[in-house]
Amino acid sequence: MVEANNPDELRSKRKAVMALLPYAVWKERDGQPKMLNMFLRAARASMTLEFRWHYVDQFAGPLFFKARPSAIVLTSPHVSLELLINNPPLVRQWAVAVSAVPYDEEIARSVVNELLWVASSSAISRFITADVWSWLKRRPTLPPTCWGRHLGTSSQVVKVVRGLKDIELLKSYLLLAWSEWNTPRDDGFEEMRVSIREDFCGIGMGRHQTDLIQHLDHVLGELGWGLGYLKQDKPDLSEGQVQNMKRQYQQLREALLEINLKTIARTSSCLVVIPSCVLTQATRIESRAAFMCALPLPCP
Amino acid sequence: MKKYDEDLNTTLIFVSVAYGTWVHVLTQSQAGLFSAVTSAFIIEVNSQLQPDPNDETAALLRVLIHKIDNTTFGNDPPTLPQWTGPPQTIVQAQAILFASLSVSLFSAFLAMLGKQWLNRYASTDMRGTAIERSQNRQRKLDGVITWYFDHVMESLPLMLQIGLLLLGCALSRYLWGINITVASVVVGITSVGVIFYGLVVTAGVASESCPYQTPGARILRCTLLPALPVISKFSAFILSKSRVLIRGTLCYRVVELWWPGWRRPWYSTLNILDYIIWTLLLPIALVADLLRLGCGIVLQLLGSGWMTYRQLVGISRPRRYISDHQAIAPDFRCVSWMLQTSLDRVVHLAALKHLATTTTLAGFDPTIIVDCFNTFISCFSAIGNQMVVAQGLEQLAAVSTLCFFNTISHILVLDPSSSVLEVVGQRYAKVFPTHADFHRVHQFPHTLGAIHNLFRLRHGGPKTFQWIAYKPSAHEHTIVAHNLVKLALLEYERTEQMKIPRWILRFASHSLSLDPLPPTSVIASCLSIVAIDLGCDLSDAKSMTPDERWVHI
């Protein structure tokens, strides 16, 4: 079924596949990760947010306390958020497991997905440690359909990330959150604009602005390919969503350009006072990049 | 067995009189007698088998007298008689008498052996568990059936009856040579006895409820009654064929040609020609018909005879009965017998524990479900929707629940339309309410819930059923898992390969989440359940044992 890559069939048989999850975790603990890998492949191939079975939630307790850290991290996205909200010890245990696992693209993807998901709940977001937040900086590629993307653009998450006062982390978060696969939530969108104006405005932010603008250019470029192209990886996407995404990301880009111009202007006024020898090489590059970004977008 | 014992006692008493008398007479006259009554008669007959010394003495005396005075006997001088052997009548009578005696002695011999066999059968081994003793008893009973013990025992009275008939025949034959009037009385009474016996046997064959049953009647019923339809069919076949056969003969054609000649006047010259032709052709036609039709009839008879024989062998009741009886595994009959006959809860517990350890239920008798169910419901009572176990019956309730679940699952898979299921289902519905709550049954609420769902599968679908906190023993877990695989297959087929019931899938998920993991057989069963739901072809898994399934997986 997994080999056939039939998402509909996988979705219809998710309960049967989920029934194997506990056994796969125990086998992984015994040094046989084959079944767990197969399970994860099936979950990915199903292309659904809801690849879970609430009955398996009862297994979460043993899973989070007895399984190996890698198994905890990889399977945690298949546990319901309600269960985690009602069981903060599980979140703590997950955070411990994340701290213990070595970096791996697959694991990073799972950690960030779960991280954004947990962060969307004010009740448990405080249990996320700085170690866990630091995984955002690795910027893994999240799957087109996942709860991390879906819930990770809420104002709650944006506020939490901003609250960490780490501009690199915030930039990484925004680079992950902005993608051609999901529309930022309305409240999260507003919070992002506020963040752009407040957090990325100032001297020394030019580099971050440039990165964000370049990323938005890339996203808008992808969206420009049209719905048919995007549906290959996310079948449930609609034309309305695509248009909404284009509009939102365009607005975010404009906001970024606006503050970028302000930054350049501020930098220019400073140049009058500050001798040119004080200007760093980096500032010159940022300025040049900002001017380049202000040019009209190339058509795909 | 008690009946046979009494029969043997009667036989032995009857024969022992004869046997004692016979031994006594044997020492006296070196001859054999059948009974105290017949012994004198046999001695009397036996003396006539030898030359009479008194006759020889009288002849010698006559010769001596003739020597002294040759006028005593006139012109007819006495001669010594020559012994030419006993008269034919005496020989025949004596032969029949000894045949009668031999038959009765042989039956006495068998009766003595039979007593020993019965004593051995009745002896009970006091060692071992109730199950072991019961198995021993079951083995003996199976042996009795397999080795036609009842037929041998029933043949003893029949042999005595034959002996009596022979005695009557011998007496009639002997007395016929001496005095016909006296012989007529004996022949008459013997004939009345034979006719009476014939009527009794006929009545016994005709009606099974007739109280005058004899061994002969039973044998005839077993062989003759099944043959009656065959015989009538055969007779009808012969009658219908005979007309066609006759019309098809050459003789019939010759007679048909000759028949118009009767209408001609007697003086017609054509009559002479007809007569010549007829006398020449008829023998030839007859021989040809005999050759042609005779072979055909013989072949038909052989075919019909073979068919009759096959039918007789095929429908002979005792053989079929034994065949069915042997198909049922002895352990199940043993357990069933213990549950039915014993009122002791300890015995019930031992029997059910044994049943619970039986991994394969091949060849089980569906009636054992009713026996398990009887014990099962006797352990529970309902307070509203709450089910509670009767005090002191906790262990029996647990074991009987498991056994009932095991057997009912088996029959659900094996024969979903079984009448036993209907009966048990109706009785179950009377005892257990639709929304029965098993939470007060702390030890095994899950197995009870599973049983409840099994009945709801048949009547309206199962209710939501959780396996949370289900931690059974390894043995119970194996049995439940094994049966749920079979039920999953059944339901998957019933729903046209759509899905299996979720409560069964939950069982698999729960079992696979246990830490430490359950036994391998349980894992195999759980993986099978998941595989069935995923659409894997596991039709072979239905007949596999848990261990075989593990190897298969």
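These numbers come from a predicted model, not from an experiment.

Re the overall build of chain A
Then, in step 1: For chain A, the count of helices and strands is 18 helices and zero strands.
Then, in step 2: Here chain A, with 300 residues, has 43% of them falling under the buried criterion.
Then, in step 3: In chain A, once contacts between residues fewer than 6 apart in sequence are set aside, the share between residues at least 24 apart is 80%.

Topic: the overall build of chain B
Then, in step 1: A tally of helices and strands in chain B yields 21 helices and two strands.
Then, in step 2: Counting every position in chain B, which comprises 553 residues, the buried fraction comes to 29%.

Describing the environment of serine 195 of chain A
Residue and element names in this part refer to chain A.
Then, in step 1: Looking at the element boundaries, serine 195 is found in helix α14 (residues 186-199).
Then, in step 2: Its 20 C-beta neighbours within 10 Å are what place serine 195 among the buried residues.
Then, in step 3: Put simply, serine 195 and valine 158 are 37 residues apart on the chain and 8.2 Å apart in space, counted from C-alpha to C-alpha.
Then, in step 4: Residue contacts for serine 195: discarding those within four places in its chain leaves Val158, Arg162 and Leu170.

Re the pairing of strand β1 (residues 380-383) of chain B
Residues and elements named next belong to chain B.
Then, in step 1: Pairing geometry for β1 and strand β2 (residues 386-389), over four bridges, is antiparallel. By the bridge assignment, alanine 382 is partnered in β2 with methionine 387.
Then, in step 2: Linking two consecutive strands that pair antiparallel, namely β1 and β2, is a turn of two residues; a positive phi of about 65° is found at glycine 384 within it.

A short note on the interface of chain B and chain A
Then, in step 1: Between chain B and chain A, the contact holds 12 residues from the first and 15 residues from the second.
Then, in step 2: Counting residues per element, the side of chain B that touches chain A draws most heavily on helix α19 (residues 502-513) of chain B, which supplies six residues.
Then, in step 3: Each residue belonging to the side of chain B that touches chain A can be placed in one class, and the counts come to seven nonpolar, two polar and three charged.

Observations concerning the environment of alanine 351 of chain B
Residue and element names in this part refer to chain B.
Then, in step 1: Relative to the helices and strands, alanine 351 resides in helix α13 (residues 345-357).
Then, in step 2: As for alanine 351 and alanine 130, which are separated by 221 residues in sequence, their C-alpha atoms are 7.8 Å apart.
Then, in step 3: Apart from the residues lying within four places of it in its own chain, the contact partners of alanine 351 are Ile131, Val335, Met338 and Leu339.

Let's talk about the packing of helix α6 (residues 149-178) of chain B against helix α7 (residues 180-206) of chain B
Residue and element names in this part refer to chain B.
Then, in step 1: For the pair α6 and α7, interaxial distance at closest approach is 7 Å and the crossing angle is 160°. When the interaxial angle is binned, α6 and α7 end up roughly antiparallel. For the element pair α6 and α7, the recorded crossing hand is left-handed. Of the residues in α7, those touching α6 at Leu165, Gly168, Cys169, Leu171, Ser172, Leu175, Trp176 and Ile178 are Ile180, Val182, Ala183, Val186, Val187, Thr190, Gly193 and Val194.
Then, in step 2: Class assignment for the residues of the contact of α6 with α7 results in 12 nonpolar, four polar and no charged.

With respect to the packing of α13 of chain B against helix α15 (residues 394-414) of chain B
Residue and element names in this part refer to chain B.
Then, in step 1: Here α13 crosses α15 at 35°, and the two axes come no closer than 9 Å. For the pair α13 and α15, the sense of crossing is left-handed. For the pair α13 and α15, contact is made by Arg345, His348, Leu349, Leu352, Lys353, Leu355 and Ala356 and by Gln395, Leu396, Val399, Ser400, Leu402 and Cys403, respectively.
Then, in step 2: Partitioning the contact of α13 with α15 into residue classes produces eight nonpolar, three polar and two charged.

Brief notes about the confidence of the model for chain B
All names here are of chain B.
Then, in step 1: Of the residues in chain B, 82% reach a pLDDT of 70 or more, and the chain-wide mean stands at 77.
Then, in step 2: At the level of individual helices and strands, chain B shows its lowest average pLDDT in helix α11 (residues 317-327), which scores 41, and its highest in α7, which scores 90.
Then, in step 3: With pLDDT under 50 throughout, residues 16-34 is counted as low confidence; its partners more than four residues away or in other chains account for 36 contacts.
Then, in step 4: Overall fold confidence (pTM) sits at 0.59, and the ipTM for the predicted complex is 0.75.

Focus on the environment of leucine 97 of chain B
Residue and element names in this part refer to chain B.
Then, in step 1: Looking at the element boundaries, leucine 97 is found in helix α4 (residues 88-122).
Then, in step 2: Overall, leucine 97 belongs to the buried group, with 26 C-beta atoms counted inside 10 Å.
Then, in step 3: On a C-alpha basis, the gap between leucine 97 and leucine 164 in space is 9.6 Å, while along the polypeptide they are 67 residues apart.

Looking at the nonpolar core
Nonpolar side chains in soluble globular proteins tend to be buried together.
Then, in step 1: One finds Leu115 of chain A together with Ala488 and Ile529 of chain B to be the most contacted residues of the largest nonpolar core, which totals 147 residues.
Then, in step 2: Residue contacts for leucine 115 of chain A: discarding those within four places in its chain leaves Ile128, Val132, Trp135 and Leu136 of chain A.

Digging into helix α20 (residues 520-533) of chain B
Residue and element names in this part refer to chain B.
Then, in step 1: In a regular helix each residue adds 1.5 Å, so 14 residues correspond to 20 Å; α20 covers 20 Å between its end C-alpha atoms and thus fits that length.
Then, in step 2: Most of α20 sits inside the fold, with 12 of its 14 residues counted as buried.
Then, in step 3: Listing the buried residues of α20 in full gives Ser521, Val522, Ile523, Ala524, Ser525, Cys526, Leu527, Ser528, Ile529, Val530, Ile532 and Asp533.
Then, in step 4: Two residues or fewer after α20 comes glycine 535, characterised by a positive phi angle close to 95°.

Notes on helix α8 (residues 88-100) of chain A
Residues and elements named next belong to chain A.
Then, in step 1: The end-to-end C-alpha separation of α8 is 19 Å, in line with the 18 Å expected for 13 residues at 1.5 Å each.
Then, in step 2: Taken residue by residue, α8 has Leu90, Val91, Gln93, Trp94, Ala95, Ala97 and Val98 as its buried positions.
Then, in step 3: Next to the buried residues of α8 lie α5 (60-66), α6 (69-75), α7 (81-86), α9 (105-119) and α10 (130-133).

Focus: the confidence of the model for chain A
Residues and elements named next belong to chain A.
Then, in step 1: Averaged over chain A, the pLDDT score is 83; the fraction of residues at 70 or greater is 86%.
Then, in step 2: Element-level pLDDT for chain A is lowest in helix α18 (residues 281-294), with a mean of 48, against a maximum mean of 93 in helix α12 (residues 155-163).
Then, in step 3: Predicted confidence for residues 287-300 stays below pLDDT 50, and this span has 19 contacts to residues more than four positions away or in other chains.

Some details on unusual backbone geometry
Then, in step 1: Between aspartate 515 of chain B and the following residue, proline 516 of chain B, the backbone shows a cis peptide bond with an omega angle of 5°.
Then, in step 2: Its location among the elements puts proline 516 of chain B in the loop between α19 and α20.
Then, in step 3: The phi dihedral of arginine 139 of chain A falls on the positive side, at around 45°, and the residue is not glycine.
Then, in step 4: In this fold, arginine 139 of chain A is placed in the loop between α10 and α11 (147-151).
Then, in step 5: With 15 C-beta atoms counted inside 10 Å, the residue arginine 139 of chain A sits in the partly exposed group.

What counts, and at which threshold
- Residues numbered from 1 in each chain as written.
- Chains lettered and ligands numbered in written order.
- Predicted model: local features only at pLDDT ≥ 70, side-chain atom pairs only at ≥ 80, totals over all residues.
- Helix = DSSP H or I, 4+ residues; strand = E, 2+ residues; numbered from the N terminus.
- Buried ≥ 20, exposed ≤ 12 C-beta atoms within 10 Å, placed from the backbone.
- Contact = placed C-beta atoms within 7 Å.
- Pairing = 2+ DSSP bridges.
- Nonpolar A, V, L, I, M, F, W, Y, C, P; charged D, E, K, R; others polar.
- Axes fitted to C-alpha atoms, helices over the stretch in contact; angles between N-to-C directions.
- Parallel < 35°, antiparallel > 145°, perpendicular 65-115°, else oblique.
- Left-handed = near helix turned anticlockwise from the far one by under 90°.
- pLDDT = per-residue confidence, 0-100.
- Core = buried A, V, L, I, M, F, W, Y, C linked by C-beta atoms within 7 Å.
- Expected span 1.5 Å × (residues − 1).

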